[in-house]
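Reading the structure
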Amino acid sequence: MVAAIKRPGWIRGALGALVAAAFGFGLVVALRAISGLPVFQTEQTGYPHVVVPLITGPLGFLAGFGCFDYWLRWAAGMPTIPDDHSQHGAKSWRDYFRFNTDHKVIGIQYICTTFFFFFVGGLMAMLIRAELAQPGTQIVDAATYNSLFSTHAVLMIFVFVIPVFAGIANYVLPLMIGAPDMAFPRLNALSFWMLPLAGLLFIGSFLAPGGAFDAGWTGYAPLSTGAPLGQSFFNLGVQFAGASSIATALNFLVTIITMRAPGMTFWRMPLLVWANLSTSLLVVAATPFIAGAQFMVLFDRVLHTQFFQFAGGGDVISYQHIFWFYSHPAVYIMMLPGFGIISEVISTHARKPIFGYRLMALALIGIVVLSYSVWAHHMFVAGMFSWLRVPMMITTLLIAVPTGIKIFSWLGTLYFGKIHTYSTAMLFALAFIVTFTIGGISGVMLGMVPLDIHVSDTYFIVAHIHFVLFGGSVFTIFAGIYHWFPKMTGRMYDEKLGRVHFWGTLLGTWGTFIPMHWIGMDGMPRRVADYAAQFGNWNLLISCFAFMLGAVQLVFLYNMIVSWRFGPRAKANPWRANSIEWQVSSPPPIFNFDEIPRVVGGPYEYGVPGARHAIMAGEGVGAAKPEPTVVGSP
Amino acid sequence: MIGRLPIAKMLAATVALSAAISVVMLQVNWDGQQASTAAPKIDTLLNVMIVLSAFVFSLVMVMLFYALWKFKAKPGDESDGEPIHGNTRLEVAWTLIPTIIVLFGAGYSWSVLNDIEELHKNPLTVDVFSQQYAWSFGYPGKGNVWSQGELHVPVDRQVQFKMHSQDVIHSFWVPEWRIKKDNVPGITTTAIVTPDKVGTYQLICTELCGFGHASMRAKVVVEPPAEFRKWVGGLKEKVPAPYMESIRQDTETNPTQPIGAGGA
């Protein structure tokens, strides 16, 4: 028993959470008692005796679980425990439920956790569509409805789309650049374990008095500063998700910059690596803004600061500026890794080099730079200073240019190739081009101030974000999961079920989200539990497609679980791809490479006679010309 | 490389497809009834965008499906495609042409924006007050009379709405006018509209404001000036003191006079 308490793990983690939460609770009670205040403050936004334990409890869990053990010993000057690699790699399924520093284990932990939240958020979407199937109120009341769509969006954005890309890249990226692991494996593990805590805080807010947060995922002040306790759960959950995101991005940046295999110059990096480099640049610089905005809201709620209270000298609109300064780049945080996945899948299955590789990489960087200068296009009707609208409109429309470059370059990649469509990954990649083009077009329309004035905050917006986030990001996620499933599990998935999933998802996405454009333009506002009877038939149709879209995801789930367990063994390189992760076994050995590979050419040299991307250990120099082994020189 | 493609046929297919899409899409009255001078201008911009978008979409579709038809691998073919790495001319073209298209869109939008927000002489000023979950309206030119849940304006006269919120952010939207503006606590926001069709419309709150958000509506009546004068003359109540206070203390964000180039 004592040994179990001393050993890092679930028991010590639970104990740590309890002790830390009790400490936070005691601290609040004691300080309030000393100050002569009523011990419990249960005015609707207050509850400091709940809010503070919500901060200390998760930290206590992380400490107890073993996330800080090595660092704390080192910081305190104690002898560190020599790393015996016992925390590295997975020998049984139990190892996926431990503090593990192997990037491959962490990648799978990320993917499974985020898909859990995807299905929870999806169930909420089903409830939302059930309520909206008819005008009037049938299933949930208006307040619960507000909580449902807020939680749905927050789960999908903060604990599904953003981190699932971190999970895929975690698994694939170190292998792709020929690195034995990420640069900071312990930080990597800590980043992952903060994520389920964020998700639990979001879902746990349903237990709070007053219900889950209901001010939308945007949490605009002063609606959020005056909302019931659940809003504080959101404020804090975003901190954990954000910290996780920032730490991972730093990890990717250092890994990509310093740990590429000899010979892998910047212009020899696969586009997935470029995409994660760009995404990480966005995350490290932008995420602190949402963390700050949510802390300010939390302080307004609990400490009675007046950041966003105009009566106390605060500025209401400044919340939106800070929020969107993160949340617009966040749209690209949710899209750029997907661009990387699509490049890998299309090039491999079309057996062609990427068309205009350098321009593709530069377009990513162009999007990064431009995305910092477009945030106020979310605020064209917000009452901000009106001169800002036209410059923001121009930058917003210009961002369509690098995005267009990517679409046309993928199309160019297909020409004179040998296109194989047997893989579900390729089907999703091709459908992504179509769907994302539509989402991009509606985005350009939204960027135009006069059109935006009319359709802002209507179902047109709902249609647009789902076209780019579901038809865009989620399609790329599916493409990535199918593409690397053999590498991650060592098994093949069932292509027949994959096709059922693909066609069902495509039809469901179009059927659900295309009609939303129209009802939005025709006068249906977003975020409403009830609507005018004239939209009844359209909404019923949308709900039917949405239920089909939801149901067909169960095919995906079944395919993944059963194939992981019983699927036929995968070869090392079932897609005959060039990049390094396919040159090792499936799944890869515990330390990835016996000897670091040497990169001697570009990653997409399909059809080039005698061309090699990398020379693996034991292969000798081979036919390819030897290259100087200078790391990082372009 | 490009020479080996049936460029003329592909372009013809693109033009044909985009014409077909445009013709079908332009039949639909997407934005609903038009009831302000701004509405036809915004809808024309939308229609121009629909035609341009139809072309871009058709181009992508033709490029995609031609490639899928022409370059699909035969079963069992394990060879690679041709090692083509790019084409500088094409890459320059698909950078520059979209740039020109979006800059045209930006310029056109800018001119529409300036047009619809241009302030005429002698507009009617109406104060809009919002709070969870009700609208009310004051008429400063008519002795600050007050009406709750019902907005009346004369037809064919420019109206300048001065908006105030008493609690959280709300948003003022009359779809038939194509005009929307948030009501923000602590500041006065402005919207300009010239209703040009007599009728009854609905004012919809479009910014999430709490559990009553979906039902936060008001009736909008556009009527001939004589009837409007009669209706205003019949209002007995004055704008209550707290609302007058919000007019006094709210800072003006949108200057009354448009700043030339930037639009209002």
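Residues numbered from 1 in each chain as written. Chains lettered and ligands numbered in written order. Predicted model: local features only at pLDDT ≥ 70, side-chain atom pairs only at ≥ 80, totals over all residues.

On a plain count of helices and strands, chain A comes out with 19 helices and 2 strands. Here chain A has a C-alpha radius of gyration of 25 Å; the compact-globule value for 634 residues is 26 Å, and the two agree. Considering only C-alpha atoms, chain A reaches an extent of 80 × 65 × 50 Å along its principal axes. Partitioning the intrachain contacts of chain A with sequence separation of at least 6 by distance along the chain shows that 80% fall at a separation of at least 24. (Helix = DSSP H or I, 4+ residues; strand = E, 2+ residues; numbered from the N terminus. Rg over C-alpha atoms; globule rule 2.2 N^0.38 Å. Contact = placed C-beta atoms within 7 Å.)

A word on the sheet that holds strand β3 (residues 145–148) of chain B. What holds strands together in a sheet is hydrogen bonding between their backbones, with the strands either parallel or antiparallel. On the basis of which strands lie adjacent, the open sheet formed by 6 strands has the order β3-β2-β1-β5-β8-β11 (chain B) and mixed pairing. Edge positions in the sheet fall to β3 and β11 (251–252) of chain B, since each of these pairs with one other strand and no more. (Pairing = 2+ DSSP bridges.)

Turning to the nonpolar core, a few remarks are in order. Of all hydrophobic cores here, the largest spans 274 residues; its most connected members are A:Ile177, A:Ala198, A:Phe428, A:Ala429 and A:Ala479. Look past the residues within four positions of A:Ala429 in its chain and what remains in contact with it is A:Ile342, A:Val345, A:Ile346 and A:Ala479. (Core = buried A, V, L, I, M, F, W, Y, C linked by C-beta atoms within 7 Å. Buried ≥ 20, exposed ≤ 12 C-beta atoms within 10 Å, placed from the backbone.)

A word on the interface of chain B and chain A. Each side of the interface is counted separately: chain B has 72 residues, and chain A has 76 residues. Put simply, the parts of the chain that give the side of chain B that touches chain A at least two residues each are α2 (38–70), α3 (88–116), β7 (179–183) and β8 (187–193) of chain B. Of all the elements, α3(B) adds the most residues to the side of chain B that touches chain A, at 14 residues.

Turning our eyes to something else, we now look at the domain arrangement of chain A. Residues and elements named next belong to chain A. Domains assigned within chain A are domain 1 (2–75) and domain 2 (94–566). Each of domain 1 and domain 2 has a C-alpha centre, and the two are 31 Å apart. Taken together, the contact pairs 18 residues of domain 1 with 19 residues of domain 2. The element best represented in the side of domain 1 that touches domain 2 is helix α3 (residues 48–65), accounting for 9 residues. Looking at side-chain class alone, the side of domain 1 that touches domain 2 contains 13 nonpolar, 5 polar and no charged residues. (Domains from an automatic or database assignment. Nonpolar A, V, L, I, M, F, W, Y, C, P; charged D, E, K, R; others polar.)

Here we take up helix α7 (residues 185–204) of chain A. Over its 20 residues, α7(A) extends 29 Å from the first C-alpha to the last, a length consistent with the 28 Å expected when each residue adds 1.5 Å. Most of α7(A) is tucked away, with 15 of its 20 residues classed as buried. (Expected span 1.5 Å × (residues − 1).)

With that settled, the discussion passes to the domain arrangement of chain B. Residue and element names in this part refer to chain B. Partitioning chain B into domains gives domain 1 (2–70 + 88–116) and domain 2 (124–256). Each of domain 1 and domain 2 was reduced to a C-alpha centroid, and the two centroids are 37 Å apart. Listed per partner, the contact involves 10 residues of domain 1 and 13 residues of domain 2. Among the residues forming the side of domain 1 that touches domain 2, the class breakdown is 4 nonpolar, 5 polar and 1 charged.

All names here are of chain B. On average, residues of chain B score 91 in pLDDT, and 95% of them are at 70 or above. Element-level pLDDT for chain B is lowest in β11, with a mean of 76, against a maximum mean of 97 in strand β6 (residues 170–174). For this predicted complex, the interface score ipTM comes out at 0.94, while the overall pTM is 0.94. (pLDDT = per-residue confidence, 0-100.)

Moving on, we come to the pairing of strand β10 (residues 217–223) of chain B. Residues and elements named next belong to chain B. Burial of β10 is one-sided: the residues Ala218, Val220 and Val222 facing one way are buried, the residues Arg217, Lys219, Val221 and Glu223 facing the other way are not. Of the strand pairs in this sheet, strand β4 (residues 150–154) and β10 are connected by 5 bridges, and their pairing is parallel. Looking across to β10, one finds that Glu150 is bridged to Lys219. In this structure, strand β9 (residues 199–205) lies alongside β10, joined through 6 bridges in antiparallel fashion. Paired with Gly199 across the bridge in β10 is Val222.

This brings us to the sheet that holds β9(B). Residues and elements named next belong to chain B. Spatial ordering of the open sheet is given by β4-β10-β9-β6-β7, a layout of 5 strands whose pairing is mixed. Each edge of the open sheet is held by one strand with a lone partner, namely β4 and β7. Taken over all neighbouring pairs, the strand axes of this sheet differ in orientation by 25° on average, direction set aside. (Axes fitted to C-alpha atoms, helices over the stretch in contact; angles between N-to-C directions.)

Turning our eyes to something else, we now look at unusual backbone geometry. Negative phi characterises most residues that are not glycine, and trans characterises most peptide bonds. The amide bond that connects A:Ala221 to the next residue, A:Pro222, takes the cis arrangement and shows omega of 0°. Within the secondary structure, A:Pro222 is located in the loop between α7 and α8 (230–258). With an omega dihedral of -5°, the bond running from B:Gln132 to B:Tyr133 counts as a cis peptide bond. Located in the positive-phi region is A:Arg527, a residue other than glycine, with phi close to 60°. Its place among the elements puts A:Arg527 in the loop between α18 (495–521) and α19 (536–566). Although it is not a glycine, A:Asn592 sits at a positive phi angle of roughly 70°. Structurally, the position occupied by A:Asn592 is in the loop between α19 and β1 (598–599).

Residues and elements named next belong to chain A. Along the chain, Gly440 turns up in helix α15 (residues 424–447). Assessed through the 24 C-beta atoms surrounding it within 10 Å, Gly440 is described here as buried. When the C-alpha positions of Gly440 and Ile367 are compared, they lie 14 Å apart, and in sequence the two are 73 residues distant. Gly440 has contacts with Ala400 and Thr403, leaving out every residue within four places of it along the chain.

What follows concerns the environment of A:Phe295. All names here are of chain A. Tracing the backbone through its elements, the reader meets Phe295 in helix α9 (residues 271–302). The exposure class of Phe295 is partly exposed, given the 16 C-beta atoms found within 10 Å. As a C-alpha pair, Phe295 and Thr435 span 140 residues in sequence and 36 Å in three-dimensional space.

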